[in-house]
Amino acid sequence: VENYEKEELVAKETDVYGARNNIRRYRISLMPTVSALRYMGDFGPPSNKGGVGVGINVGITPHWNLQLTGTLGKFAAQEYFNRKVRIGELNLQYQILPYQKINPFLQIGTGLVLSSQKSYFEKNSKKNQTANAGFGLEYLVSKRVGVNVSGQYNYFFSDGFDLSSRGNRNDG
C-alpha cells in the first residue's frame with residue numbers, strides 16, 4: 001500500500017511529457033541584476049553599456065508575478081551622447097512552466113527613466129516614462145537560488161530622452 005501511495009503521488013506530479021511538476025517557488029523573491037543597456041535614439045551608432053540593480057518578485061498565483069525593479073546604468077552613443085540613468089519598473093510577469101526547474105516567462109510593464117549628465121542622483125534629472133515588453137528563462141539551481149536570463153525592449157513615450165527630437169520614431 002505504501003508503494004502504491006508513493007507511485008500515485010509521482011503520477012499526479014508528472015505531466016504528459018514525463019516531467020515532474022514538483023518545484024515550488026517562494027512567493028516573494030529578491031533578485032540582484034546585471035544589465036546590458038543599449039541606447040537606440042537620435043544619436044548613433046549605439047553603444048552597449050552596463051548596469052546593476054535589484055528587483056523583487058511577488059507571486060500573485062503560481063503563473064503570475066508582479067515585479068518591481070530598480071537599475072543604475074548608462075545609455076550612450078559612440079559619439080555625442082552619454083547619460084547616467086536610474087530606471088524603475090513595474091512589470092506583470094507570466095511564468096509558463098512554474099512547477100519546472102526551467103521556466104520560460106513573458107513580461108510587460110511600465111517604467112520611469114531618470115537621466116542626467118553628471119551623477120545618478122542629480123536633483124534636476126530628466127524624467128521619461130516607458131512601456132516595456134520582454135521574455136526570458138529562469139533556471140532553478142536549488143530551492144533558494146535561481147538564474148534568470150531575459151531580454152526586454154523599453155519604448156519611450158516621447159522622443160526627448162536624448163534631448164533631441166529628430167526622425168519619426170521615439171527613442172528606445
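Bear in mind that the values here come from a model prediction, so they are computed numbers and not experimental data.

Bringing the sheet that holds strand E2 (residues 46–59) into the picture now. Ordered in space as E1-E2-E3-E4-E5-E6-E7, the 7 strands form an open sheet in which the pairing is antiparallel. Of all the strands in the sheet, the pair left with one neighbour each is strand E1 (28–38) and strand E7 (146–156). On average, each strand axis in the sheet is inclined to that of its neighbour by 25 degrees, with strand direction left out of account. By the bridge criterion, 13 bridges tie strand E3 (residues 64–77) to strand E4 (residues 82–95) in an arrangement that is antiparallel. Along E4, the bridge assignment pairs leucine 68 with leucine 90.

Along the chain, the position of asparagine 154 falls in strand E7. Side chain to side chain, asparagine 154 and glutamine 152 meet in a polar contact 3.0 Å long.

Right, let's talk about the pairing of E4 for a bit. Side chains Arg83, Val85, Ile87, Glu89, Asn91, Gln93 and Gln95 project from E4 onto a buried face, and the interleaved Asn82, Lys84, Arg86, Gly88, Leu90, Leu92 and Tyr94 project onto a face without burial. Here E3 folds back onto E4 in antiparallel fashion, the turn holding 4 residues, of which tyrosine 80 has a positive phi close to 75 degrees. As paired strands, E4 and strand E5 (residues 102–116) are joined by 12 bridges and run antiparallel to one another. Directly across from valine 85, in E5, lies its bridge partner serine 115. Where E4 folds back on E5, the antiparallel hairpin that results is connected by 6 residues.

What follows is about the packing of aromatic side chains. Enumeration over the complete set of coordinates arrives at 2 aromatic pairs. Ring geometry for tryptophan 64 against tyrosine 94: centres 4.8 Å apart, planes inclined by 55 degrees, an arrangement best described as tilted. Remark: tyrosine 94 occurs in strand E4 and tryptophan 64 occurs in strand E3; sequence separation between them is 30 residues. Relative accessible area serves as the criterion here: at 36%, tryptophan 64 is assigned to the partly exposed category. The class for tyrosine 94 is partly exposed, based on a relative accessible area of 28%. Aromatic pair tyrosine 155 and phenylalanine 157: ring centres 6.5 Å apart, planes at 80 degrees, arrangement edge-to-face. The class of phenylalanine 157 is partly exposed, set by a relative accessible area of 46%.

With that out of the way, let us pick up the environment of asparagine 132. For asparagine 132, the location among the structural elements is in strand E6 (residues 126–140). Look at asparagine 132 and you get buried, because its relative accessible area is 5%. Counting along the chain gives 21 residues from asparagine 132 to glycine 111, while the straight-line C-alpha distance between them is 7.5 Å. Ignoring sequence-local partners within four residues, the contact set of asparagine 132 consists of Glu89, Asn91, Gln107, Ile108, Gly109, Thr110, Gly111, Gln152, Tyr153 and Asn154.

Moving on to the confidence of the model for the chain. Chain-level statistics for the chain give a pLDDT mean of 83 and a share of 84% at 70 or above. Across the chain, the element-wise mean pLDDT spans from 76 in helix H1 (residues 2–13) up to 94 in E5.

Reading the values: the criteria
Residues numbered from 1 in each chain as written. Predicted model: local features only at pLDDT ≥ 70, side-chain atom pairs only at ≥ 80, totals over all residues. Heavy atoms only, no water. Pairing = 2+ DSSP bridges. Helix = DSSP H or I, 4+ residues; strand = E, 2+ residues; numbered from the N terminus. Axes fitted to C-alpha atoms, helices over the stretch in contact; angles between N-to-C directions. Polar contact = N/O pair within 3.5 Å; in protein donor to acceptor, adjacent residues only side chain to side chain. Buried < 20%, exposed > 50% of the residue type's maximum accessible area, 1.4 Å probe, protein only. Phe/Tyr/Trp six-rings, centres within 6.5 Å; stacked < 30°, edge-to-face > 60°. Contact = heavy atoms within 4.5 Å. pLDDT = per-residue confidence, 0-100.

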